[in-house]
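Structural features, examined
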Amino acid sequence: MLYGRGAETERIDRLLARAVDGRSGALVLRGPAGIGKSALLEHAERQAAAMGVRTLRGVGIESETELVFAALHLLLRTGLDRLDRLPAPQAGALAGAFGLAPATAADRFLVGLGALTLLAELAGDGPLLCLVDDAQWLDRSSADALLFAARRLEAEGIVLILAVRDGSHGFRPAGLPELRLDGLGPQDAARLLGETAGPLAPHVRDRVLAESEGNPLALIELPSALTPEQRAGQVTPLAHHVGPLPLTGRMQEAFQTQIHGLPAAARTLLLVAAAESTGDLAVILAAAQRLGAGAEAVEPGERGGLVHVVGGELAFRHPLIRAAAYQGAPFTGRLAAHRALADVLDAFESDGRHADARAWHRAAACTEPDESVAAELERAAERARRRSGHAATTAAYQRAAQLTPEPRDQVRRLVSAAEAAMDAGQLPQCRALADRAAVLTEDRRERARIAGVRAAIEFEQGSPRVAHGILMAAAGPIADEDPDRAASMLLEAVRDSWFAGAPELARQAVDRLHALGLPPGHHLRPAVSALTGLADLLAGDPARGLVPIHAALAGARHAEPGAPGRQLIMASMAFMVGDDEIGFDLATRLTDDCRAQGLVGWLPHALQNLASTQLYLGRFQDARASADEAVRIAGDIGQHHRLDHLQGVLAWLAAVRGDERACTELVDRVHAHATGHDNVSSLAWTLWARGLLAMGQGRMEAALEELTAGLAGATRHQLTTTLTVPDLVEAAVRCEQADRAEAPLARFEKWATATGRPWARAVALRCKALIAGSDEEAEARYTEAAGLHLNGGRPFEEGRTRLLFGEWLRRSRRKAEARVQLRQALDTFDRAGAVPWAERARAELRATGEAIAAERAAGAASLLTAQELQIVRLAAQGGTNRDIGARLFLSPRTVGYHLHKAFPKLGVASRAELARLDLGT
C-alpha cells in the first residue's frame, strides 16, 4: 500500500487511461533517494497490468554511465526482433548502437528517432508503459535518445515515466512534465512506520519518525538496522549520530548493517554484483568464484531481501543496496572485484559485446598509469564514436588520458575527449578538458586542435568575435607545417566574422588565407574564393564580392552533394546573390539528404536555409512549417544560436501576417540571448521584423526608426539589413523625410546591380519611383519595375511594387489602370496571408470604386497548423505514415493522428481525396 500518494497515483493512472485511448505522455518523478519513486513505478506497472498495458523496464546504473547506449538497450531489448520493420537508416542506427551490426557513424539523434519508431511499432500491439528507474545514471547516449523520443510522443499509446534522484545535475529532462515528491506528512509517516516496523518503544518510534523526515524508505529500513535492545529503548538508537545526517547516508548505513551481517562469501558476491552492474548471473558467479565465493553465496542475500534472481539475472531490490554493497567494501576488495570481472570477461568474449565493459573494469582496477589499459580504453572510445556515443567516447578518452604515462599521448587523448564532448553537446566538460590539455603541451598542432574546440564553444555559447580571435591566433603557428588545418581554421574565422558583423575581422582572415598560397586545384580553393567574396560583401563592396560567389554557385546545382557543411555554404551563398531558385534547390537537396541519412544535428541548419528561401519565394506557410520544425529540433539538441536565427525568421513571418503578439514575443526571446553573444545576424532579422510590424500597423515613424537603427548599429554590415532598405525608403517617404532614404538606397542599388536579379533591380526602381522628382519619372520607374517583376522572383516584393504603383495611379485619377495593379497585389497578399497589406490593397480598390469582398475565402492550406500542412502534403503525394514519420522525425502513429485531425478541417474522408485540394506548393 502507498501511503500519502493519492495525487501522484491518480496522475499516473490518468496517463495510463490516455494511453489506452491511443494518446501518449511522459512524466518525470523527481525527489531524494528513498522518497518513493520506485514504489510509484511499481504502482504504475501493477495498474498497467490490470488495464492490459504492456510494460518495458529500464534502469540507469552508475557504473554503466560510460557504456554507450547501455540503458537504452536494456529498455528495448525485448523488441529488437522488430528492427527490420523500421526505416533502414533508423534500423541501422539502432543495430549499430547496440553492437548488433557494424556501426554506421549515424547522427546521435537518429538513434532517438529509431527508439521512438520502435516503441511505436511495439505499441501497435496495444498500449505500452516504459519505466526507467534511477534515470540520473543513464549513460548520456541513452539519455539523449530517450529524451529525443519522449519529446515527440503524441498519439502512439505510450507512457514513459522516468524516476530521477535529486542532485542529478548532469540529467536535465527539459521539456517533459515533472512531478516533485516530498516526504510523507506526519499521519501517513506514522501509519507506514506502524505497518512495517514492528514493536518500537514510544521514544524510539518518535526518533525514527524525526530522523526519517517522512522518507518512506527510511521509515522502512532504519528500524531494520536496530538491535532488539535499541527497539525496546534500552540503548539509544542511532546514538553515534551527531545531528541529522543526509538521508541517503543513513539508509546506506542501514543497508550496510544488513550486508555486514552476511557471511563473508555472500558479501563478496554482492560486491562483485554491484561492480558488474548488468546483472548477468553467469558473469557474476564466475568472477565471484575467482575470489572464493561459490554459487551458494547468492542465497543469504536473497533470504535477507537484498537481491533476487530471475531468469539468469541478479537484481538488487533497491539502488541504494547496490551502492551500500560497493561503497561499504574495502578499497582493496573493490579493486579485486574489478580485476576478477575483467579476467572473466576475457573468457566470455566471443562476439565483442563485452569489450567495453572489460576495458572499464581494467581501468577501475588500476591505481597507477598503465599504457596497455589506456590503449584499451582508447579503442573503446573509438568504438563508441563509431556508434555515435559521443558522451561515452568522451569518458573513455578522459579516463585513458588519466592512465597514460607518456605526456604527449595524454594530451592527444585529452583533446580527443574534448572534441567528443563538443559533439555530445557537453560544452562545460569540453571547455575543462581543453583547458587541462592546454597547460600540458606546447605542440603547435595539438594547440591548434585545442583552439578549434575553444572557438566552437565560443561560437555556440559565447561570442563569434571572440571565436574569430582564437582561430586567428592558433592558425598562424601551424601555417607552414599543416596548411590544410590552418586554412580550415581561417575559413571558420571568416564565418565567425560574418555572424559578428565585423568586416575588418573577415578581411584579416581572408588576407591570411591568401598568404597560405594553397596550390591551384586544392580542395579548399573554391571555399576560399567564395568566402573572400563574402568578406568583400560584408565590407560593403557587392560589385567585387558577388563575382566569386556567382562563380561558386554556377555549377553547384548540378554538382555532387558533398559533405553537409559544404552544401550548407553553397545554399547560404545563394542568399548572398538573391538567387532564390538555386537557393531553394540546394536547401531542399540538403534537407532531403539530412532526412534520408538521419543527420539530425545538421537538419536545423538545412531547414533554416530552406525556410529563408521559402519566405523569399512567397511560400510563407511552408517557411513557417520549416522554421517551426527546425525550432523543435534545435531546442532539443541545444543549438542556441540556431534558435535565435530561426525565431528571427518566425518573427518576420508573424509581422507580415500582422500577429503583433507572436512577433513581439519572438523578438524579445531573440534579444534576450543574441544581444549578449554578438549574434548580430539573428538580431538583423528581429529589427526587420519590428519595422515590418510597425509598417503593417500604419506606424510609419516607428518603422522608420526601427529600420534606421538596423543600418546604424551592430547589424549595419549584415546583408539582411540591406534587404530592409526598400521598407525604410517607403517609411521615410510616408513620413516626408525622403532625405533619410538616399544613402541607404544607394547601398541597396549597389547590391541589386551586382546580383543581376530582375526582382532586385525592380525593387530598386520601385524605391526610386517613391522619391522621384516628377510624375513622369515616377511612372517610368514604376512601369519598368512592374515589367521586371514579370521575370519572377520574390512575389511579396512584386505585390508591394504593384500596391505602391496602384496607389500612385489612383492618386493620379487613373482608376482603371490602378485596379489592374491593385488586384494583382491583393491576390498576392491574400495567398501569402499578409493580412495588413491585403487590407491596404482592398481599401485602395474600394477607393477606385470597385466593389470587393471584405476578405477572400481562405484556402485549404490555411486551415491547418504548420505541422498538419507538412503531413497532409506528403500524404497527398502518396507518402505512407511510416515514410512521413521518418521524414519529419515523428512516429507513424502520430502522423496518423494529425491526418485524422486534418481531414475534417479539409472536408475529406480519405487520403485519396487530398490530391484534389489546393494545398499550395
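Residues numbered from 1 in each chain as written. Predicted model: local features only at pLDDT ≥ 70, side-chain atom pairs only at ≥ 80, totals over all residues. Heavy atoms only, no water.

Re the overall build of the protein chain
Let me state the cut-off plainly: Only DSSP runs of H or I reaching four residues or more are called helices, and only runs of E reaching two or more are called strands; each is numbered from the N terminus. Residue exposure (1.4 Å probe, protein chains only): buried if accessible area is under 20% of the type maximum, exposed if over 50%, otherwise partly exposed. In what follows, residue pairs with any heavy atoms lying within 4.5 Å of each other are defined as contacts. The Shrake-Rupley method, run with a 1.4 Å probe sphere, supplies the accessible areas, and residue values consider only the shown protein chains as cover. Lys and Arg are tallied as positive, Asp and Glu as negative. Neither His nor the chain termini are counted. By convention, the charge on Lys lies at NZ, on Arg at CZ, on Asp at CG and on Glu at CD.
Across its full length, the protein chain holds 46 helices and seven strands. A principal-axis box enclosing the C-alpha atoms of the protein chain has dimensions of 110 × 65 × 55 Å. Here the protein chain, with 921 residues, has 57% of them falling under the buried criterion. In the protein chain, of all internal contacts separated by at least 6 residues, the share reaching a separation of at least 24 is 69%. Accessible area of the protein chain: about 36,300 Å², with a carbon and sulfur share of 52%. Between the centroid of the 104 positive side chains of the protein chain and the centroid of its 113 negative side chains there is a distance of 2 Å.

Considering empty space enclosed by the protein
Taking a probe equal in size to a water molecule and rolling it over the atoms shows the remaining empty space. Applied cut-off: Here a cavity is any set of points on a 1 Å grid over the protein atoms alone where a 1.4 Å probe fits but cannot get out, and a pocket is any open set with protein on both sides within 12 Å along at least 5 of 7 lines; a residue lines the site when it has an atom within 4 Å of a point. Grid points are joined across faces, edges and corners, and a volume is the space filled by probe spheres set on the points. Only Asp, Glu, Lys and Arg are considered charged in this grouping, and only Ala, Val, Leu, Ile, Met, Phe, Trp, Tyr, Cys and Pro are considered nonpolar; every other residue, Gly among them, is considered polar.
Throughout the structure, instances matching the rule amount to seven cavities of 30 Å³ or more. As for the largest cavity, its lining consists of 13 residues, and the residues nearest its centre are Tyr-616, Trp-652, Trp-688, Arg-794 and Glu-797. At the level of secondary structure, the elements contributing two or more residues to the lining of the largest cavity comprise helix H30 (603–616), helix H39 (758–770) and helix H41 (795–811). The residue inventory of the lining of the largest cavity, partitioned by class, reads eleven nonpolar, no polar and two charged.

Looking at the packing of helix H21 (residues 427–438) against helix H22 (residues 444–461)
Heads up, the condition is: Only the contacting stretch of a helix is used when fitting its axis, a line to C-alpha atoms as for every element, and angles between N-to-C directions run 0 to 180 degrees. These descriptions rest on fixed angle ranges, namely under 35 degrees for roughly parallel, over 145 for roughly antiparallel, 65 to 115 for roughly perpendicular, and the rest for oblique. Each crossing gets its hand from how the near helix is turned against the far one by less than a right angle, where anticlockwise is left-handed and clockwise is right-handed.
Relative to each other, H21 and H22 sit at 150 degrees, their axes nearing to 10 Å. Looking at the two axes, H21 sits roughly antiparallel to H22. The interaxial crossing formed by H21 with H22 has left-handed handedness. Listed contacts from H22 to Leu-427, Cys-430, Arg-431, Ala-434, Asp-435, Ala-437 and Ala-438 of H21 are Arg-447, Ile-450, Val-453, Arg-454, Ile-457, Glu-458, Glu-460 and Gln-461. Taken together, the residues of the contact of H21 with H22 break down into eight nonpolar, one polar and six charged.

Describing H41
The cut-off we apply is this: Multiplying 1.5 Å by the residue count of a helix minus one yields the expected span of that helix.
The end-to-end C-alpha distance of H41, which contains 17 residues, comes to 24 Å, matching closely the 24 Å that a straight helix rising 1.5 Å per residue would cover. The element H41 is largely enclosed, with a buried count of 14 among its 17 residues. Immediately downstream of H41, the backbone of Arg-813 shows phi near 65 degrees, a positive value.

Points about the nonpolar core
Applied cut-off: Each nonpolar core is a collection of buried residues, namely Ala, Val, Leu, Ile, Met, Phe, Trp, Tyr and Cys, held together in the definition by side-chain atoms within 4.5 Å.
Membership of the largest hydrophobic core comes to 181 residues, with the highest contact counts inside it found for Leu-72, Met-573, Met-576, Leu-615, Trp-652, Trp-751 and Phe-829. In this view, Met-576 contacts Trp-498, Leu-534, Leu-537, Leu-546, Ile-549, Leu-719 and Trp-751; residues no more than four positions away in its chain are not counted. Residues Ala-189, Phe-255, Val-283 and Val-344 belong to the second largest nonpolar core, which totals 52 residues.

Quick word on helix H20 (residues 407–423)
With 17 residues, H20 should cover 24 Å at 1.5 Å per step; its first-to-last C-alpha distance of 24 Å lies within 8% of that length. On its buried face, H20 sits against helix H18 (371–386), helix H19 (390–402), H21 and H22.

Here we look at the pattern of salt bridges
To keep it simple, the criterion reads: Here a salt bridge means any side-chain nitrogen of Lys or Arg lying within 4 Å of a carboxyl oxygen belonging to Asp or Glu.
Using the criterion set out here, one finds 65 salt bridges in the structure. The salt bridge involving Asp-166 is made with Arg-180; its shortest N-O contact spans 2.7 Å. Here Arg-180 lies in strand S5 (residues 178–180) and Asp-166 lies in the loop between strand S4 (158–165) and S5, a separation of 14 residues in the sequence. A relative accessible area of 40% means that Arg-180 is categorised as partly exposed. Arg-873 is the partner of Asp-622 in a salt bridge, and the nearest nitrogen-oxygen pair spans 1.8 Å. Of the two residues, Asp-622 sits in helix H31 (residues 620–637) while Arg-873 sits in helix H44 (residues 866–876), which places them 251 residues apart along the sequence. For Arg-873, a relative accessible area of 15% corresponds to the buried category. A single network of salt bridges, built from pairs that share partners, joins Asp-727, Glu-730, Arg-734, Arg-800, Glu-807 and Arg-840.

Description of the environment of Val-53
Note that Val-53 resides in the loop between helix H2 (37–51) and strand S2 (54–59). Judged by relative accessible area, Val-53 falls into the buried class, the value being 6%. Once the C-alpha coordinates of Val-53 and Glu-913 are considered, the two residues, 860 residues apart in sequence, prove to be 35 Å apart.

Observations regarding the sheet that holds S4
The test is simple: Pairing between two strands requires that DSSP report at least two bridges joining them.
An order of S2-S3-S4-S1-S5 is seen for the five strands of this open sheet, with the pairing classed as parallel. In the strand order of this sheet, the two ends are held by S2 and S5, each with one partner. Put simply, the sheet's adjacent strands are angled 20 degrees from each other on average, direction ignored. Here six bridges tie S2 to strand S3 (residues 128–133), and the two strands are oriented parallel to one another. Along S3, the bridge assignment pairs Leu-56 with Cys-130.

A word on the pairing of strand S1 (residues 25–31)
With seven of its seven residues buried, S1 lies for the most part within the structure. Where burial is concerned, the two faces of S1 agree: the one with Gly-25, Leu-27, Leu-29 and Gly-31 and the one with Ala-26, Val-28 and Arg-30 are both buried. Alignment of S1 against S4, held across seven bridges, turns out to be parallel. From the neighbouring strand, Gly-31 faces S4, where its bridge partner is Arg-165. Examined bridge by bridge, S1 and S5 share three bridges and lie parallel to one another. Bridge pairing in S5 places Val-28 opposite Glu-178.

Quick word on the environment of Asn-215
Threshold: Under the rule applied, a polar contact is a pair of N or O atoms within 3.5 Å (in protein, one hydrogen donor and one hydrogen acceptor; residues adjacent in sequence only if both atoms are side-chain atoms).
Its place among the elements puts Asn-215 in the loop between helix H8 (202–212) and helix H9 (216–224). Taking relative accessible area as the criterion, Asn-215 reaches 1% and is therefore assigned buried. When the C-alpha positions of Asn-215 and Gly-34 are compared, they lie 6.2 Å apart, and in sequence the two are 181 residues distant. A polar contact of 2.7 Å, which involves the side chain of Asn-215, links it to the backbone oxygen of Ala-33. There is a polar contact of 3.1 Å between the side chain of Asn-215 and the backbone nitrogen of Ala-218.

Focus on the confidence of the model for the protein chain
How we decide: How sure the predictor is of each residue is captured by pLDDT, a score from 0 to 100.
Mean pLDDT over the protein chain stands at 87; residues scoring 70 or higher make up 94%. Segment residues 237–245: pLDDT under 50, and 16 contacts once partners within four positions in sequence are set aside and those in other chains are kept.

Remarks on the packing of helix H37 (residues 725–734) against H39
It is at 10 Å that the axes of H37 and H39 come closest, and there the two elements cross at 10 degrees. Comparing their axes, H39 and H37 come out roughly parallel. In this structure, H37 meets H39 at a crossing whose hand is left-handed. Residue-level contacts link Pro-726, Val-729, Glu-730 and Val-733 of H37 to Val-763, Arg-766, Cys-767 and Leu-770 of H39. Residues belonging to the contact of H37 with H39 are distributed by class as follows: six nonpolar, no polar and two charged.

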